[in-house]
Amino acid sequence: MSYLLIVNLIWSFSFSLIGQYLAGQVDSDFAVLARVAVAALIFLPFTVWRGLPARLAAGFWLAGALQFGITYLCLYRSFSVLTVPEVLLFTVLTPIYVTLIEDALERRFNRWALFAAAVAVGGGIMIRWQPLAGDFLWGFVLLQIANATFAAGQVLCRHLLLRHPVELPLYRFFGHFFLGALVLVLPSFLIFGNPDKLPVTAIQWGVLLWMGLFATALGLFWWVKGSVRVDAGTLAVMNELHVPLGLLVNLLIWNRDADLAKIALGGSVILLSLGISRLGRRPVPAAA
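Because the structure is a prediction, the values reported are computed rather than measured.

Cut-offs used in this document
- Residues numbered from 1 in each chain as written.
- Predicted model: local features only at pLDDT ≥ 70, side-chain atom pairs only at ≥ 80, totals over all residues.
- Heavy atoms only, no water.
- pLDDT = per-residue confidence, 0-100.
- Helix = DSSP H or I, 4+ residues; strand = E, 2+ residues; numbered from the N terminus.
- Contact = heavy atoms within 4.5 Å.
- Axes fitted to C-alpha atoms, helices over the stretch in contact; angles between N-to-C directions.
- Parallel < 35°, antiparallel > 145°, perpendicular 65-115°, else oblique.
- Left-handed = near helix turned anticlockwise from the far one by under 90°.
- Nonpolar A, V, L, I, M, F, W, Y, C, P; charged D, E, K, R; others polar.
- Patch = residues over 30% accessible without salt bridge, like charges linked within 9 Å, V, L, I, M, F, W, Y side chains within 5 Å.
- Areas by Shrake-Rupley, 256 points an atom, 1.4 Å probe, with all protein chains shown as cover.
- Salt bridge = Lys/Arg side-chain N within 4 Å of Asp/Glu carboxyl O.
- Buried < 20%, exposed > 50% of the residue type's maximum accessible area, 1.4 Å probe, protein only.

Would you mind showing me how to read the confidence of the model for the chain here?
Interpretation of the predicted coordinates at a detailed level should be avoided for regions scoring low in pLDDT. Taken over all residues, the pLDDT of the chain has a mean of 82, while the share at 70 or more is 79%. Considering each helix and strand of the chain separately, the mean pLDDT is smallest for helix H4 (residues 84-90), with a value of 65, and largest for helix H8 (residues 175-192), with 96. In the predicted structure, residues 283-288 sits below a pLDDT of 50 and forms 10 contacts with residues beyond four places in sequence or in another chain.

Take a look at the structure:
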């Protein structure tokens, strides 16, 4: 679980950095492409191409296309039709998707995992709830696609690692994940990107480098690594922990207004859901 906690802390800083230095200033397709390119460059020197099970390699390409490619292309586009509070509100459903996809792949129904995910969503809504305004249907659809593909990608990686154990350490083939994402984000930038909105300041380039190295390369690597060390219910709940952490970081660093009582209440509910997720839990397979 320590990997997932570290990644949540890293991602909690990412929201503030994107909102402060990138959103509305740097082309969204280029921002996504830059993150993937940096992450790919980190792992490609270690990547093996032979001796890897075909299903494992192909699965990581698919997971990368889902969890990073489609997810972030949809997420960035949602800002054009949604306010920030609406975006934050509509992203809290990810734990539900994680639980449902996990149960579908296992051909079972774990009521405690689903209940824990629902409680975590409730905690996220307590923190993020804002009245909705304007035409948000298209933005809602985009974010549900993003939520579902982010959930599908991490569940797929988890199942691939548990069902196709190899002696190679994860970093020797994790580059395939970012190559799968690159297949989508590069054509998207070439077709839809705006070359007039590329980064122009050292701070913007620095934020993109930080996002590519820490939030993307190390963040997704540790997230996948940690996903096989916990049960599905805990993994679902951990998808919501960035909510209170992100708001606290935003408050402490950027001095934005935040309701501390709501953060404390919602955060307590999310922590409670972690305990619920352990009811009826199944042992993590030895391959983890």
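Could you clarify how one ought to interpret the packing of helix H3 (residues 54-78) against H8 in this entry?
To describe two helices that pack against each other, one gives the angle between their axes and the distance between the axes. At a closest axis distance of 5 Å, the pairing of H3 and H8 adopts a crossing angle of 40°. Our classification of the angle between H3 and H8 gives oblique. Considering the relative orientation of H3 and H8, their crossing is right-handed. Residue-level inspection shows Ala 57, Phe 60, Trp 61, Ala 63, Gly 64, Ala 65, Gln 67, Phe 68, Gly 69, Ile 70, Leu 73 and Arg 77 of H3 in contact with H8, the latter providing His 176, Phe 177, Leu 179, Gly 180, Ala 181, Val 183, Leu 184, Val 185, Ser 188 and Phe 192. Here the residues of the contact of H3 with H8 sort into 15 nonpolar, six polar and one charged.

How should a nonpolar patch on the surface be read in this particular structure?
Judged by side-chain polarity, Val 81, Leu 137, Trp 138, Phe 140, Val 141 and Ile 145 come together as a nonpolar surface patch covering roughly 520 Å² of accessible area. Residue position: Phe 140 is located in helix H7 (residues 137-163). Owing to a relative accessible area of 31%, Phe 140 belongs among the partly exposed residues under this scheme.

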